[in-house]
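Single-letter residue listing:
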Amino acid sequence: MTWVLDHLDDIGSYTLDHAWLAGLPLVIGLLLAIPLGWAARRVSWLYTPLVVGTGLLYTIPSLALFVLMPLFLGTRILDTVNVVVAMTIYTVALLTRTVADALAAVDESVSASATAMGFGALRRLLTVELPLAVPVIAAGMRVAAVSNVSIVSVAALIGIPQLGSLFTDGFQRNFLDPVIAGLVACVLLALLFDLVIVLVTRVLTPWQRTPAAPGEPREQEVPA
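Residues numbered from 1 in each chain as written. Predicted model: local features only at pLDDT ≥ 70, side-chain atom pairs only at ≥ 80, totals over all residues. Heavy atoms only, no water.

Chemist: Would you explain the overall build of the protein chain in this entry?
Modeler: What the protein chain contains, in helices and strands, is nine helices and zero strands. Considered along the principal axes of its C-alpha atoms, the protein chain spans approximately 65 × 45 × 25 Å. Considering the protein chain as a whole, with its 224 residues, one finds that 42% of them fall into the buried category. Carbon and sulfur atoms make up 69% of the accessible area of the protein chain, which amounts to about 12100 Å² in all. Computed over 11 positive and 15 negative side-chain charges, the inter-centroid distance for the protein chain is 10 Å. (Helix = DSSP H or I, 4+ residues; strand = E, 2+ residues; numbered from the N terminus. Buried < 20%, exposed > 50% of the residue type's maximum accessible area, 1.4 Å probe, protein only. Areas by Shrake-Rupley, 256 points an atom, 1.4 Å probe, with all protein chains shown as cover. Lys, Arg positive; Asp, Glu negative; His and termini not counted. Charge placed at Lys NZ, Arg CZ, Asp CG, Glu CD.)

Below is the structure:
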């Protein structure tokens, strides 16, 4: 406990770095996964190659991907861009199937109603299908957020400062305090990400909070 109190500034700095390296790829990955998932949903023959292809990206070992990034990006080995790009790849790998399946779960009658009202494909996606798919996408985002917080720690092995640096420091000195502090900080950061996603989901889906009549299932509605 004394060590933690003496190093609160370092822990705080590492936490901010960790949050940036895990959070930015989550946002970029979602923005990339939405058109990929939409394409997989709209064009049936694209579903398998897109979903399976992106899913295979997640099987690449994280340390190997961090080390290989400079070869493709022309960056330095200690450049944080390598971690952001690598984590974005992992996020896309997790979210492409989620987005495709979330859009597929939208009631066809709702999409047909929007089309009958004159909505084009893009407008229907942005104003009807995506809002209704938010709860399913958010569930995938929560998994991806926890995964990102965990995997980013590995970047400490190549010298990128974040909470994983506490693990390597503790292991090298055979000293548990930094390891425990890093572990607790990672768990709290993952919980914070999860809470933010839940709150944003509630804001984006106000109709989910409208109570249904007793014994009557809640129906999907076209968002206003």
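Don't stop here, the text continues.
Chemist: Quick question: what am I supposed to make of the pattern of salt bridges here?
Modeler: Once the charged atoms of two side chains with opposite charge are near each other, the side chains can pair. Enumeration over the complete set of coordinates arrives at four salt bridges. Close ionic contact of E129 with R124 constitutes a salt bridge, the shortest N to O distance being 3.1 Å. Overall, E129 belongs to the buried group, its relative accessible area being 11%. For R173, the salt bridge goes to D169, with nearest N and O atoms at 2.9 Å. With R173 and D169 both in helix α8 (residues 164-173) and four residues apart, this pair spans about one turn of that helix. Judged by relative accessible area, which is 47%, R173 ranks as partly exposed. (Salt bridge = Lys/Arg side-chain N within 4 Å of Asp/Glu carboxyl O.)

Chemist: What should I look at first to understand the packing of aromatic side chains in this one?
Modeler: For the structure on display, the rule yields one aromatic pair. Their ring planes at 80° and their centres at 5.5 Å tell us that Y58 and Y90 sit as a pair that is edge-to-face. Here Y58 is found in the loop between α3 (44-57) and α4 (62-73), whereas its partner Y90 is found in helix α5 (residues 80-104), with 32 residues between them in sequence. Look at Y58 and you get partly exposed, because its relative accessible area is 33%. Residue class for Y90 comes out buried when judged on its relative accessible area of 2%. (Phe/Tyr/Trp six-rings, centres within 6.5 Å; stacked < 30°, edge-to-face > 60°.)

Chemist: Help me understand the environment of L63, please; the structure alone is not making it clear to me.
Modeler: By the secondary structure assignment, L63 is in helix α4. Classification of L63 by relative accessible area gives partly exposed; the value is 37%. Measuring from C-alpha to C-alpha, the distance between L63 and R173 comes to 22 Å, with 110 residues separating the pair along the chain. With residues near it in sequence (within four places) discarded, L63 still touches V154, L157 and I158. (Contact = heavy atoms within 4.5 Å.)

Chemist: I would appreciate a short explanation of the layout of surface pockets in the present structure.
Modeler: Rolled over the atoms, a probe as big as a water molecule pinpoints where empty space is left. Size it by volume and the largest pocket reaches roughly 300 Å³. Along the wall of the largest pocket there are 14 residues; nearest its centre are L30, V134, I137, V200 and L204. Of all the elements in the fold, those that place two or more residues in the lining of the largest pocket are α2 (8-42), α7 (121-152) and α9 (176-204). Element by element, the count of residues in the lining of the largest pocket is highest for α7, at six residues. Residues belonging to the lining of the largest pocket are distributed by class as follows: 13 nonpolar, one polar and no charged. There is about 160 Å³ of room inside the second largest pocket. Lining the second largest pocket are W38, R41, R42, L103, V106, E108, S111, R124 and E129. (1 Å grid on protein atoms, 1.4 Å probe; cavity = no way out; pocket = protein on both sides within 12 Å on 5 of 7 lines; lining within 4 Å. Points joined across faces, edges and corners; volume = space filled by probe spheres on them. Nonpolar A, V, L, I, M, F, W, Y, C, P; charged D, E, K, R; others polar.)

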